[in-house]
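Structural overview for review
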Amino acid sequence: QVQLVESGGGLVQAGGSLRLSCAASGSIFSIPGMGWYRQAPGKQRELVATMSRGGNTNYADSVKERFTISRDNAKNTVYLQMNSLKPEDTAVYYCNANTLVAVTAKYLEVWGEGTLVTVSA
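Because the structure is a prediction, the values reported are computed rather than measured. (Residues numbered from 1 in each chain as written. Predicted model: local features only at pLDDT ≥ 70, side-chain atom pairs only at ≥ 80, totals over all residues. Heavy atoms only, no water.)

1. A look at the sheet that holds strand β3 (residues 18-26)
- Here 4 strands make up an open sheet; going across it, the order is β1-β3-β8-β7 and the pairing antiparallel. Strand pairing shows two members of the sheet lacking a second neighbour, β1 (2-7) and β7 (67-72), which therefore form its edges. Across the sheet, the axes of successive neighbouring strands diverge by a mean angle of 15 degrees, strand direction being ignored.
- Both β1 and β3 contribute to a ladder of 6 bridges, which runs antiparallel. Following the sheet pairing, V5 is matched in β3 by A23. (Pairing = 2+ DSSP bridges. Helix = DSSP H or I, 4+ residues; strand = E, 2+ residues; numbered from the N terminus. Axes fitted to C-alpha atoms, helices over the stretch in contact; angles between N-to-C directions.)

Written out as structure tokens, the structure is:
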């Protein structure tokens with residue numbers, strides 16, 4: 001009913017920048033919350049940043065001052081601008097959306113398939 005498609009991952013040197021995008025499509029009435037999580041090899045998935053429809057943001061301490069989350073509500077798209085990347089930022093980054101599905105009028109949490117970000121030293 002709702003799909004998330006991520007893009008923008010890749011290989012970058014330490015200190016570089018990348019911008020991730022995630023577009024939601026399907027039977028969407030609204031998306032109260034969108035965000036990014038990541039999972040490094042051998043580690044649990046962790047929160048990176050979230051943003052409400054109204055613009056409230058939440059960041060992991062490890063990415064504050066380096067990453068910026070933003071949304072285009074008209075396009076049902078969320079972005080993650082990542083600057084000053086470090087090797088420890090290497091992970092698969094997953095988009096997450098808490099959606100209000102139009103056809104069911106119920107909330108549904110949706111995950112993207114993930115995009116790999118690799119930061120070389």
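2. With respect to the nonpolar core
- Grouped together as the largest cluster of nonpolar side chains are 32 residues, with contacts concentrated most on W36, V48, F67, I69, L80, M82 and Y93.
- Elements supplying a minimum of two residues to this core: β1, β3, β4 (28-39), β5 (46-52), β7, β8 (77-82), β9 (91-101) and β11 (115-120).
- When residues of this core are assigned to their parent elements, the largest contribution, 5 residues, is made by β9. (Core = buried A, V, L, I, M, F, W, Y, C linked by side-chain atoms within 4.5 Å. Buried < 20%, exposed > 50% of the residue type's maximum accessible area, 1.4 Å probe, protein only.)

3. Let's talk about the environment of A40
- Topologically, A40 is positioned in the loop between β4 and β5.
- Between the C-alpha atoms of A40 and T68, which are 28 residues apart in sequence, the distance is 20 Å.

4. With respect to the state of the cysteines
- Under the counting rule described, the total for this entry stands at 1 disulfide.
- Shown here is the disulfide that connects C22 with C95, its sulfur atoms set 2.0 Å apart. Residues C22 and C95 are joined through a disulfide that is left-handed, its torsion about the S-S bond being -85 degrees. In this pair, C22 is assigned in strand β3 and C95 in strand β9, connecting sequence segments 73 residues apart.
- Judged by relative accessible area, C22 falls into the buried class, the value being 0%. (Disulfide = S-S within 2.5 Å.)

5. As for the packing of aromatic side chains
- One pass over the full model with this rule turns up 1 aromatic pair.
- On the basis of an interplanar angle of 65 degrees and a centroid distance of 5.0 Å, the ring pair of Y37 and W111 is categorised as edge-to-face. Within this pair, whereas Y37 is found in strand β4, its partner W111 is found in strand β10 (residues 106-111), the two being separated by 74 residues in sequence.
- What makes W111 partly exposed here is its relative accessible area of 35%.
- When the ring centre of Y79 is taken as origin, the NZ or CZ atom of R19, which lies over that ring, is 4.1 Å away.
- The lysine or arginine in question, R45, covers the ring of W111, its NZ or CZ lying 4.7 Å from the ring centre. (Phe/Tyr/Trp six-rings, centres within 6.5 Å; stacked < 30°, edge-to-face > 60°. Lys NZ or Arg CZ within 6 Å of the ring centre and 35° of its normal.)

6. A few points about the pattern of salt bridges
- With the rule as written, the count across this model stands at 4 salt bridges.
- Between E46 and R38 there is a salt bridge; the shortest N-O distance is 2.7 Å.
- By relative accessible area, E46 is classed as partly exposed at 37%.
- Exposure remark for R38: the relative accessible area of 5% places this residue in the buried category.
- Notably, a salt bridge pairs R66 with D89, separated by 2.7 Å at the nearest N-O pair. On the criterion of sequence distance, the pair formed by R66 in the loop between β6 (57-59) and β7 and D89 in the loop between β8 and β9 is long-range, its members being 23 residues apart. For the pair R66 and D89, one class covers both residues: buried.
- Connected via shared salt-bridge partners are R38, E46, R66 and D89. (Salt bridge = Lys/Arg side-chain N within 4 Å of Asp/Glu carboxyl O.)

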